[in-house]
Each structure stands twice: as C-alpha cells, then as structure tokens.
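Remarks on the overall topology
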Amino acid sequence: MDWLLFAFGSAVFAGLTAVLSKIGVRDTDSDLATAVRTAVVLVFSWIMVFLTGTAGSIGTISGGTCLFLVLSGVATGASWLFYFRALQLGDVNKVAPIDKSSTILTMFLAALILGEGLGGMKILCMALIGTGTLLMIQKREGRAEQPGNSGWLAAALLSAVFASLTAILGKIGIQGVESNLGTAIRTCVVLAMAWLLVFLQGKQKHLGKIAPKSWFFLIISGFATGASWLCYYRALQDGPASIVVPIDKLSILVTILFSRIFLGEKLDRKSFAGLVLLTAGTLLLLF
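As the structure is a prediction and not an experimental result, all values here were calculated from the model.

Let's shift gears to the nonpolar core. If you look at the biggest cluster of nonpolar residues, it comprises 55 residues, and the most contacted ones within it are Val95, Leu181, Tyr232 and Val244. Listing elements by their share of this core, those giving two or more residues are α1 (2-24), α2 (30-52), α3 (63-89), α4 (92-100), α7 (151-174), α8 (179-200), α9 (212-238) and α10 (241-248). With sequence-adjacent residues up to four places away left out, Val95 is seen in contact with Tyr83, Ala86, Leu87, Gly90, Trp152 and Ala156. Core analysis: the second largest hydrophobic core is formed by seven residues, Ile129, Ile256, Leu275 and Leu278 among them.

Our focus in this paragraph is a nonpolar patch on the surface. Taken together, the side chains of Leu105, Phe108, Leu118, Ile123, Val161 and Leu165 make up a nonpolar region of the molecular surface, amounting to roughly 460 Å² of accessible area. Those elements giving two or more residues to the nonpolar patch turn out to be α5 (102-113) and α7. In this structure, Phe108 sits in helix α5.

What follows covers the confidence of the model for the protein chain. Looking at the protein chain, pLDDT values average 86 and 95% of them are 70 or higher. Mean pLDDT values over the elements of the protein chain span from 77, in α4, up to 92, in α8.

With that settled, consider the UniProt feature "transmembrane region" (unreviewed entry) in the protein chain. Mapped onto this numbering, the UniProt entry annotates "transmembrane region" (unreviewed entry) at residues 37-59, 66-84, 104-130, 151-172, 184-202, 214-235 and 241-263. A helix fraction of 70% and a strand fraction of 0% characterise residues 37-59, whose end C-alpha atoms lie 28 Å from each other. As a span, residues 184-202 carries 89% helix and 0% strand, and end to end its C-alpha atoms are 27 Å apart.

Rules of the game
- Residues numbered from 1 in each chain as written.
- Predicted model: local features only at pLDDT ≥ 70, side-chain atom pairs only at ≥ 80, totals over all residues.
- Heavy atoms only, no water.
- Core = buried A, V, L, I, M, F, W, Y, C linked by side-chain atoms within 4.5 Å.
- Buried < 20%, exposed > 50% of the residue type's maximum accessible area, 1.4 Å probe, protein only.
- Helix = DSSP H or I, 4+ residues; strand = E, 2+ residues; numbered from the N terminus.
- Contact = heavy atoms within 4.5 Å.
- Patch = residues over 30% accessible without salt bridge, like charges linked within 9 Å, V, L, I, M, F, W, Y side chains within 5 Å.
- Areas by Shrake-Rupley, 256 points an atom, 1.4 Å probe, with all protein chains shown as cover.
- Salt bridge = Lys/Arg side-chain N within 4 Å of Asp/Glu carboxyl O.
- pLDDT = per-residue confidence, 0-100.
- UniProt positions renumbered as here; feature names shortened; annotations may be inferred.

So this is what it looks like as structure tokens:
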C-alpha cells in the first residue's frame, strides 16, 4: 500500500502548487508563467531520474509506452495552460474545486478504458463530489462577477477535462517505465508545448518584465509541482486510477487552507458545505 502514501504526498504538494502559482501569476502572463514553471519541473524531475539511476533504461521503453507518455504530456500541457489562465482570472477557492471535479470524469474513463469497477459506492462518491463542487463554485450572495473575469469558468472546465485525460493516458503509459523516468519524459513534452505557445504569441519578450517576487513564487511552485508529479505517478503506477486520482484531488484542503492564510480568500457557508461533501466523497472511496 505504498502507493497510498505517495497519493497523499501528491495531494499535499499539489495543494501548495495552486496557492504559490496564484501569487506568481498575479502580475505575469499565465502562458509565460506556465512555461517558466515547467522549466523548473523539468530540471527537478531529471535530477530525480539521475539520483535514482534510471536514466540508462530509456532505451528499453517501447514505442507504445512512449506514445502514451507523449499524449499524457500533451494533455497535461493543455490542462496547465487552462488552469493557470483560470487562476489568473478567478479565485483559487472557485477554480480549484472545478479542477478537482475531473475526478468524476476520470472514474468514468477508468471504468470504460481501464476496466476498473464502478459500483454503487463509487457512484455515491461521484454524486457527493459533484454536488460539493457545484456548491463551491456558486456566486456568493451580494458579490457580482468582476468585469472581464467570466472566462475563468470555461478555462477551469477545460483544465478539468484535460486533467482527466492526463490521468488515464499516464496510467497506461507509466506501466512500461520507471515512474521517475516517465514523469521526466512527460515533462519534456509539456515544456515544449508551453514554450511553443509562448513563442507563437511573442510573449517571450516579457520575460525581463517578470518581477523578482513573481520569479521566486513561480520557481517554488515549480518545485512543488515536481514533487507532486513524482509522488502522483509513483502512486498511479501501482494503485488504481479511480482511487489515486480522487486522493490527489484532496489537495483542495491544502489549497483552501493556504489561500485563506496567504491570499485572504474565505469560504461562505455554501462553499464550506460543498467542501465537506467533496471531501467526504473522496474519503469514502478508500473503504
């Protein structure tokens, strides 16, 4: 059951990532910020590969495994780009629950593609997670949407869809390769995708305009992401995707705690009730 510990480790680091990234993208273009963070994750992941001595097994990776790792990297890149765009436009406390709702789609896909069971308990958990998410993203009473910020919802939903595809494709691809090496290979794909988008839009010229504070938080969030990924794909290699993914999504508890401390974002009663339902639905999957 070591995969269970790695799944919870992934959740902790992923929760830190969201808040650190929110601070880092406040005054930075979200696409550029994603590219910078990915570069940090790439360095971190390859350091882990060399420390564990798995670099020499690259030549043994099959074509099928490599294909699914690449596809998983593309899905991850798309998910990140939409996620950090949503973070730039909306509150962490609203963006994070939608991103975590990818759990529901992942469980469906895991049953359909991977043959993982979808019994009555899982369906109940999915209902709890879905209801909790809806409660958390409803507008607060007396608070209007800020002009120009309505795009966060669409971006967050697209992030969730691609996050689900990432988990399924990653589960398939990670079976034929050591998890640290698989993570490093996927990160190469994400990095190429992120910087390609930056150069296509001519945003690389804004690198020099990133404030020192933003650089600091983007780099720290990159290390948190790298740690989360290494734990996540280690858990995914041995554990069922329909359980590993929901545990990883418990990162929302860490995210909300730190967003309260560092960003001053508060939960109202509906949002708190939604958080309770979302957490309960996730924890019930363990039984």
